[in-house]
Amino acid sequence: PVLWTDAGAGDYIFPWQGLAAVQALMMGWAEQRRWQDLKAPGSVNTGAIYDDLKWGDDGNDLGYPGGDVFDPLRFQYSFNKNKDMEREYREKEIKNGRLAMVSLLGFSAQTFVTGKGPIQCWLDHLADPGHQTIFTNMGHL
């Protein structure tokens, strides 16, 4: 298997520049619509092509995505009845995002210290939990 830090060096169908450009365009489009909603509330709640497709949550929270596209499980209708549940879910979303960022930092440090990916390090730890820990790997620095 290819180490995750080396995966980008492979030859793929699309060049990395094209993938980066598509990513930038898509993120730019989403952020531009969010910014427009902040400047003029409700101005981007319907789709540019399909009028019946809802992009926003009818102005309940400016700049926060909702509607049919960003809320496929229809939590919005539960949130309208229970604002505490909405606050709880948003707080969980932020905490999960922060945890994901910290775990990526851990994956990166682990890879650069041991030269192995996170799954291999986890399997090594499961095979020998007493000797494959963060403290025993600090000697690799």
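Computed from a predicted model, the values in this text were never measured in an experiment.

A. The packing of aromatic side chains, seen in detail. Per the stated rule, a full pass over the model turns up zero aromatic pairs. Above the plane of the ring of Y89 lies K92, whose end atom (NZ or CZ) is 5.7 Å from the centre.

B. Molecular detail of the side chain of T114. Relative to the helices and strands, T114 resides in helix α4 (residues 83–114). Of note is the side chain of T114, whose polar atom sits 2.7 Å from the backbone oxygen of Q110. Among the polar contacts listed, one links the side chain of T114 to the backbone nitrogen of K116, at a separation of 3.2 Å. When near neighbours in sequence (up to four residues on either side) are disregarded, T114 contacts C121 and N137.

C. Broad picture of the environment of I119. Mapped onto the elements, I119 comes out in helix α5 (residues 118–127). By relative accessible area, I119 is classed as exposed at 60%. Put simply, I119 and F107 are twelve residues apart on the chain and 9.4 Å apart in space, counted from C-alpha to C-alpha.

D. Structural view of a nonpolar patch on the surface. Among the surface-exposed residues, I119, W122, L123 and L126 lie close enough to one another that they form a single nonpolar patch of about 440 Å² accessible area. Take L123: it is sitting in helix α5. For L123, a relative accessible area of 41% corresponds to the partly exposed category.

E. Inspection of the pattern of salt bridges at higher detail. All chains considered together, the criterion is met by six salt bridges. Here E91 and K95 are joined by a salt bridge, their closest N and O atoms 3.1 Å apart. Of this pair, E91 and K95 both sit in helix α4, four residues apart, roughly one helical turn. Residue E91 is classed as partly exposed on the basis of its relative accessible area of 45%. With a closest N to O distance of 2.7 Å, K116 and D124 form a salt bridge. The class of D124 is buried, set by a relative accessible area of 17%. Sharing partners across several salt bridges, the network here consists of K83, E86 and R90.

Cut-off values and rules
- Residues numbered from 1 in each chain as written.
- Predicted model: local features only at pLDDT ≥ 70, side-chain atom pairs only at ≥ 80, totals over all residues.
- Heavy atoms only, no water.
- Phe/Tyr/Trp six-rings, centres within 6.5 Å; stacked < 30°, edge-to-face > 60°.
- Lys NZ or Arg CZ within 6 Å of the ring centre and 35° of its normal.
- Helix = DSSP H or I, 4+ residues; strand = E, 2+ residues; numbered from the N terminus.
- Polar contact = N/O pair within 3.5 Å; in protein donor to acceptor, adjacent residues only side chain to side chain.
- Contact = heavy atoms within 4.5 Å.
- Buried < 20%, exposed > 50% of the residue type's maximum accessible area, 1.4 Å probe, protein only.
- Patch = residues over 30% accessible without salt bridge, like charges linked within 9 Å, V, L, I, M, F, W, Y side chains within 5 Å.
- Areas by Shrake-Rupley, 256 points an atom, 1.4 Å probe, with all protein chains shown as cover.
- Salt bridge = Lys/Arg side-chain N within 4 Å of Asp/Glu carboxyl O.

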